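Each chain is listed here by its residues.
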Amino acid sequence: MHLLELKDINKYYKIAGNQKFHVLKDVNVSFDRGELISIVGESGSGKSTLMNLIGGLDSDFSGQLLVDGQNIGEFSVKELDRYRKNKVGFVFQSFNLISHLSVLDNVTIAMTLSNVSKKERVKRAEQILTEVGLKDHMHKKPNQLSGGQKQRVAIARALINDPEIIIADEPTGALDSETTTQVLDLITKIAQKGKLVIMVTHSEKVAARSSRIVRIADGAIIEDSEGIDLPVNIEATAGVAKDKQNLSFFSAIKLALNNMREKFARNLLVSIGGSIGIASVVLMLALGNGLTGYVNASLNDMVNPLVVEVNMPAAEDDSNDASNPAMNAPAMSMLKPAVAFEQKDIDTLTAIDHVDKVEKGYSLTMGGGNSASYGDKSSSIMMFSTISDNVSDNMIVAGDRPGKNEIIINSGLIDGLGLTEENAIGKEIEVAIVVNQEILKQPFTISGIYDTGMQQMSAIGTAYVNYDDLEQMMADNDITLSPTTLYLISDDAANTDAIKAKVKDLGYKGSNQEAMLSQFTNILDILTYVLTAISAISLIVSAIMILVVLYISVVERTQEIGVLKAIGARSKDIRRIFTSEAFLIGLFSGLIGITFAGVIAYFVNMASDATFGAAVVGLTWEYLALGLIISIIISMISGLIPASMAARLDPVESLRHE
Ligand SMILES: Nc1ncnc2c1ncn2[C@@H]1O[C@H](COP(=O)(O)OP(=O)(O)OP(=O)(O)O)[C@@H](O)[C@H]1O
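Residues numbered from 1 in each chain as written. Predicted model: local features only at pLDDT ≥ 70, side-chain atom pairs only at ≥ 80, totals over all residues. Heavy atoms only, no water.

### Here we look at the side chain of E359
Checked against the element boundaries, E359 lands in strand 12 (residues 355-361). Every residue in contact with E359, bar those within four places of it in the chain, is listed here: S388, D389, T485, L486, Y487 and I489. (Helix = DSSP H or I, 4+ residues; strand = E, 2+ residues; numbered from the N terminus. Contact = heavy atoms within 4.5 Å.)

### A look at the UniProt feature "transmembrane region" (unreviewed entry) in the chain
Taking the numbering used here, the UniProt-annotated feature "transmembrane region" (unreviewed entry) corresponds to residues 268-288, 526-552, 582-604 and 624-647. Secondary structure over residues 624-647 splits into 100% helix and 0% strand, and the C-alpha atoms at its two ends are 33 Å apart. (UniProt positions renumbered as here; feature names shortened; annotations may be inferred.)

### Section: helix 13 (residues 467-475)
Where helix 13 is concerned, the buried positions are Y467, D469, L470, M473 and M474. The buried residues of helix 13 occupy an angular sector of 165° when projected down its axis, which confines them to one face. (Buried < 20%, exposed > 50% of the residue type's maximum accessible area, 1.4 Å probe, protein only. Arc of directions from axis to C-beta.)

### A closer look at empty space enclosed by the protein
What the rule picks out here adds up to 7 cavities of 30 Å³ or more. When its volume is computed, the second largest cavity comes out at roughly 60 Å³. Considering the residues around the second largest cavity, the lining is formed by R84, K85, V88, G89, F90, A110, R157, A158, I160, N161, A566 and I567. Of all the elements in the fold, those that place two or more residues in the lining of the second largest cavity are helix 2 (77-86), strand 6 (88-91) and helix 5 (147-159). (1 Å grid on protein atoms, 1.4 Å probe; cavity = no way out; pocket = protein on both sides within 12 Å on 5 of 7 lines; lining within 4 Å. Points joined across faces, edges and corners; volume = space filled by probe spheres on them.)

### What about the site of the ligand?
As a matter of local geometry, the ligand sits amid 15 residues, with S43, G44, K47, S48 and T49 nearest to it. A distance of 3.3 Å is found between an oxygen atom of the ligand and a side-chain nitrogen or oxygen belonging to H202. For the ligand, the accessible surface in isolation is 640 Å², of which the surrounding protein chains cover 70%. Counting residues per element, the ones that place at least two in the shell around the ligand are strand 1 (4-15), strand 2 (19-31) and helix 1 (47-54). When residues of the shell around the ligand are assigned to their parent elements, the largest contribution, 3 residues, is made by helix 1. Tallied by class, residues from the shell around the ligand come to 4 nonpolar, 7 polar and 4 charged. (Near = heavy atom within 4 Å. Polar contact = N/O pair within 3.5 Å; in protein donor to acceptor, adjacent residues only side chain to side chain. Areas by Shrake-Rupley, 256 points an atom, 1.4 Å probe, with all protein chains shown as cover. Nonpolar A, V, L, I, M, F, W, Y, C, P; charged D, E, K, R; others polar.)

Structure (C-alpha cells):
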C-alpha cells in the first residue's frame, strides 16, 4: 500500500455567477515514504491547490485521496484536524512564523496545541533545532533571524510532531542560492530518513535535486519522471507522543499574553478606556452605599436599640376633634394629624412578648406657635416633645436628662434665647405651648443640652420634657393628655426586630423617624441606580471598543490563524486563543478600573472627612470584585464575535491572506 494515493482527483472552484473553474483534472498519482518529490508547473497550474488537498486543508474535491488506505475526503472535521496535527508538516514560501513567539515557541506550537508538557516540548524542540542547526538561536524572535534561518525554523516546526508527510510550498522561493542549498540539504536529509517530502517549485535547479519530478500543466499531470537516487536510511525516531489533549486554558492565556505584549500600547489604551466605565460604576455604587451608611449611622447612633417606637396610623378623616389635644399636634409625620392611643392600645402593645414596659410619648411640632422665653428673649420651639428611653444618652452632650420640671434643649434654642452652651444649664426658662387655642405657660429649668447629630435639626429650636410634667401642665388647664407615640422597651436588643414585626401585624405604625429614613434611603437607592446606569453607558462604549480591537487583531493575524490551522489547531483552539485575549483585556481594564476607583475614593473620602467628618464613598471588597467581574464579562461578550470569526476562517484563504 502506498503512503499517499490520489485516484481520479477533480477539484472545482466556484467563481462568480454560479460558474465553476476546473482546477484539478483527473489527477492520478501515488507517493511513498523516502521520496523527495518536486511538483513543477507554471503559475496557476494548480500546484498549491493540490498541496492543500494533500495537506488536509481543503477537503472539497471528488475522487479518492488515500493516506495509508484511508480516504481524507471522508474524514470528519476532528479527524482532519488530527491528520494535520500528526501526519503532515507544512513549510511555506514566506516562512509564516508567528512573529510574537520565540523560535522555541514557534517550533513547539503544534505540541502546545496538543497540551504536551513544557519539559517534553523543550526536549523535543532542542533535538529538532539541533538537527536544523539552530539550537543556539532558540530564544530569538523570528525578526532576529536571516531568511535561511527562518526557513529552517519553519522546517523544524513542520517536523516537531514527527509527521510522515512534509509539504513544502516553494520552500526556497524566498532564499538566495547559498541558503537554498542549505535548506535543500536539510530537506534531502529529511526524505532520506524515510519521510515523504512533496515540494512545490518553479526552479528546475531545485527540481533536479529531487528523487522524482511531477509536472503539472493546467490542472493535469503531464509528466512523472525519476530524479536522482536518494538512498533511504530509516531511523527509529524518539517516538513523539501524539494526539494528546487539546490546547489548555493556561497555554491559550500564555499565547494571548504573548500577542498582547507585542501590541502593548494598543492593549494598554483599550484597557484604560474600558477601566473608566468600570471605575465610574464602582464609584457610583460605593457613593450610594457610603451616603446611605452615613445617614443610617448618624441616626442609629442616637437610637436606643432596646426601644421600639409605635405610632397610630394617620386618621382617615381630618375632622378637627377639639376634645383631643393630639389633633393640634401634627407630630412628626407633619402631613396628617397624629392620632392618640387609647388604654386598650396600650394594653395590646404591653402584651407583646419581650416587651418589658411601655412609655408614653407626645410631641408638639411646627405650626403650633410654641415658644420659650428667657429674660426679654423669646424663641419659637419647632418641636416640643416628651422624653423617653428613645432619646439615648449619646444625644445628651452636656448636663443630664431632665428631672421633674426640667427641660433639655438643643443649640438652636440656646441661640434663640441668647444663651451659650456654657451658661445655659441651670437657667430657668418659660415655655409657652398652644393647645386647643389656649396658651399654656410653665417655667422649666434647663438640665442639659442635646444634639441629634443632624446639622439641619440643630438650626431649629427643639426641646424635651418629661411626659408626667406635660401631662400635669395640661391637667392644670383641664386638658387630658393622650399619648400620640408609645415606646416599647424590649427585654433584649435582639428582640426588637420581632417586636417591630408584631407591631406592624397589629396594624400600628412604626417609628416616624425610621419611616422617613427609609423613604430617604429609598430615594438615595434610586439615585444610585440611576447614576450607576448612566455610568454603565460608558461600559457599552468600551464593549464596542474591545470588539473593534479584537476584530482588528483577527484581521491582522489571519495568516497566523491559517498557519495554526495548518499545523492542526481546531476551530475551538483558535476561539480559545481569542477568548483568552478578551478575558485578559477585561481583567486588565477591570484591575485598572478598580485601582482608579480605589484612588479616587481615597481622595474623595479624605476631602469629605475634612468637611463633614465622615467618609462618603463606601467602597467595599464586594464592589471591587463586582467591578472586576463585570469588566471580564463585558470583555468576553465583546470577544465572542471576533473569536468565532477567527474560528470560522478558512485555512486555505487565511494562508493566502496578505
Ligand atoms: N479560492 C479560489 N477561487 C477561485 N479560483 C481559485 C481559487 N484559488 C485558486 N484559484 C485559481 O486556481 C488556479 C490554480 O491556483 P493555484 O494557487 O493552485 O496555482 P499554483 O500552481 O499554485 O500557482 P503559483 O505557482 O502561482 O502559486 C489559478 O488559476 C487560481 O486563479
